[in-house]
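Spelled out, the chains give:
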Amino acid sequence: MCNMQSTRAFAFATNAVGKCLYISGVPGTGKTATVREIIRVLRSQARNGLIPKFNHVELNALRLQTPKHAYSTIAEELMGQKFSPEKGNIVLDKRFKEGKGSDGRVTVLILDELDLLVTRKQEVLYNIFEWPTHKKSRLVVIGIANTLDVPERLLPRIASRLGSNRVAFAPYSWEQLKKIVTSRLESLEGCSDAYAPSTLDLICRKVASVNGDARRALELARRAAEVAEARINVEKITSATPGDTSAEGAAARAKARTEKVTMEDVRQAQSEMFDGPHMKLIHAASFYERMFLVALVKSLQMAGTTTVDMGTVMQIMKLMCKDVRVNVPEPPIGSGTRIASRLRSTHLILSDSSTQRNLQQLSLSVPTADVTFALVENA
C-alpha cells in the first residue's frame, strides 16, 4: 500500500463507520488486492488489541444468482445460517436499522463488481447504501467496480449516499508494473535472477502500453519463462549430440549455458499472447458475437464452473443489451444458436449436441483472460 489511492482507502476504512466508499479503476490495477490488504492489516491490529475486533464480509456480485441473493450471502456470513433472499433482507434490516441480532462490532462490507447490482429499480443497492445511515448499523460499505460512472448511473437517492467518497485507481505505469513483477519473482525461490537485463522492461512496457493490467504483466512474465525453459531443454539436447562439432552446435551449447529468459523469449511469448490466431479471431468477431463472449465469460464466473447452458448466456446478454452504456436492440429470438455456431466454427467456444436449444452446454476453448484482454483492448 504505497500509493495515494491505497492511503486514501486505508484512511477511510479506519474511520468510516456509517459511511460508503466507491473504488473504481480498469481491471488489474489492484483495487480488490488493496482492499484485502487493508483488511489484513486491520485484522492484525485487532488481534494485537490496537483496534476493536470487527466483522468483515466480502461479496462478489459475479457469483450471485440474482442481485437479491446479496441479502442471503451477507446474512449467512454474519449469522452463520442460510436464508432466502427475502428472509435475509428482513434479518439484515433489523440488524442494521434496529440493532437486533448485532454483536456490537463494526461490520466492513465489501461489494466487488458493484456494477452488476445496478438494476432498473436498484432496490438492492438502495438498501445496502441506506443501512449505514442508521446509528445502530455500525456498518462501513466499500464498493468496487471497473468503471468510473457507476455513481452517475445510480438513482439520485442512492448516489447521495456515496457523496464524494470516491477513489479512482489509475492503470499501472511500466515502472510500477516492473516493481510488482520483480517483487513477485523475489518471493519465488530461484527466480530473482531468471531474467536477462531489460527483459522485464520489455514485458512491463508492452502491458503498460495496452492497459496497465498487473495480472497480464505477471502472465506474460510466466509465459516468457515457459518459452525459455522449452528453448533451454532443446538446446541442451542439441549440445549433447555426440560428434557435433559444427558452428551451430557450438552456438547452441554456448546459448544453453545462459539459462535466463531472453528478449527473444519475451517476444515469442508476446506474439502468442497478443497476436495469436485466437486473439485475431476475437478482434474480428461481430458486435453481437463479442457480446455473446462477454455474456459467456460472466455466466461461467457466476456459476463457478467450466460449462453453462445457452439459456443463461442469452439471459445475461439481453441484460447487457439493456444497459444504458450499451443500449442496443436485443438479438432476435433464436439468434443465440447461430452466434454460438459461428463462434464454434472459429474454435473460440465448445458446445454439446443437445437438441434443446436453451439447455445446450457451452464452454470457452480459449483462456478466459485472453477473451477479457482482447475485448478490453478492442473496446
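Going by the structure above, here's the rest.
Residues numbered from 1 in each chain as written. Predicted model: local features only at pLDDT ≥ 70, side-chain atom pairs only at ≥ 80, totals over all residues. Heavy atoms only, no water.

Student: What's the story with the packing of aromatic side chains in this structure? I'm lost.
Tutor: Aromatic ring pairs: the centre-centre distance and the angle between the two ring planes describe each pair. One pass over the structure, following the stated rule, counts three aromatic pairs. With a centroid separation of 6.2 Å and 55 degrees between ring planes, the pair formed by Tyr 71 and Trp 131 is classed as tilted. Of this pair, Tyr 71 sits in helix α3 (residues 69-79) while Trp 131 sits in the loop between α5 (123-130) and β4 (139-145), placing them 60 residues apart in sequence. For Tyr 71, a relative accessible area of 4% gives the class buried. Summarising the aromatic geometry, the rings of Phe 96 and Trp 131 are spaced 5.1 Å apart at their centres and angled 40 degrees between planes, so their arrangement reads as tilted. Residue Phe 96 is located in helix α4 (residues 85-98), and its partner Trp 131 is located in the loop between α5 and β4; the two are separated by 35 residues in the primary sequence. As far as the burial class goes, Phe 96 and Trp 131 line up, both buried. Grouped by ring-pair contacts, the aromatic residues Tyr 71, Phe 96 and Trp 131 constitute a single cluster. (Phe/Tyr/Trp six-rings, centres within 6.5 Å; stacked < 30°, edge-to-face > 60°. Helix = DSSP H or I, 4+ residues; strand = E, 2+ residues; numbered from the N terminus. Buried < 20%, exposed > 50% of the residue type's maximum accessible area, 1.4 Å probe, protein only.)

Student: Just checking my understanding: could you explain the nonpolar core for this structure?
Tutor: Across soluble globular proteins, nonpolar side chains show a tendency to be buried alongside one another. With 50 residues, the main nonpolar core has Phe 292, Leu 293, Leu 296, Ile 349, Leu 362, Leu 364 and Val 371 as its most contacted residues. In this structure Leu 293 touches Ile 282, Leu 343, Leu 348, Ile 349, Leu 364, Val 371 and Leu 375, once residues within four positions along its chain are discounted. Within the second largest apolar cluster, 31 residues are counted, among which are Ala 61, Val 91, Leu 117 and Leu 154. (Core = buried A, V, L, I, M, F, W, Y, C linked by side-chain atoms within 4.5 Å. Contact = heavy atoms within 4.5 Å.)

Student: Help me out: how do you make sense of the sheet that holds strand β3 (residues 106-112) in this one?
Tutor: Working definition: the strands of a sheet are paired by backbone hydrogen bonds and lie parallel or antiparallel to each other. Taken in spatial order, the five strands line up as β2-β3-β4-β1-β5 in an open sheet, and their pairing is parallel. Strands at the two margins of the open sheet, each flanked by one partner only, are β2 (54-60) and β5 (166-169). Pairwise comparison of adjacent strand axes, ignoring direction, gives a mean angle of 15 degrees for this sheet. Pairing analysis gives four bridges linking strand β1 (residues 20-25) to β5, with the strands arranged parallel. Note that in β5 the partner of Ile 23 across the bridge is Val 167. (Pairing = 2+ DSSP bridges. Axes fitted to C-alpha atoms, helices over the stretch in contact; angles between N-to-C directions.)

So, to be careful, I would describe these as geometric facts and stop short of saying anything about function.
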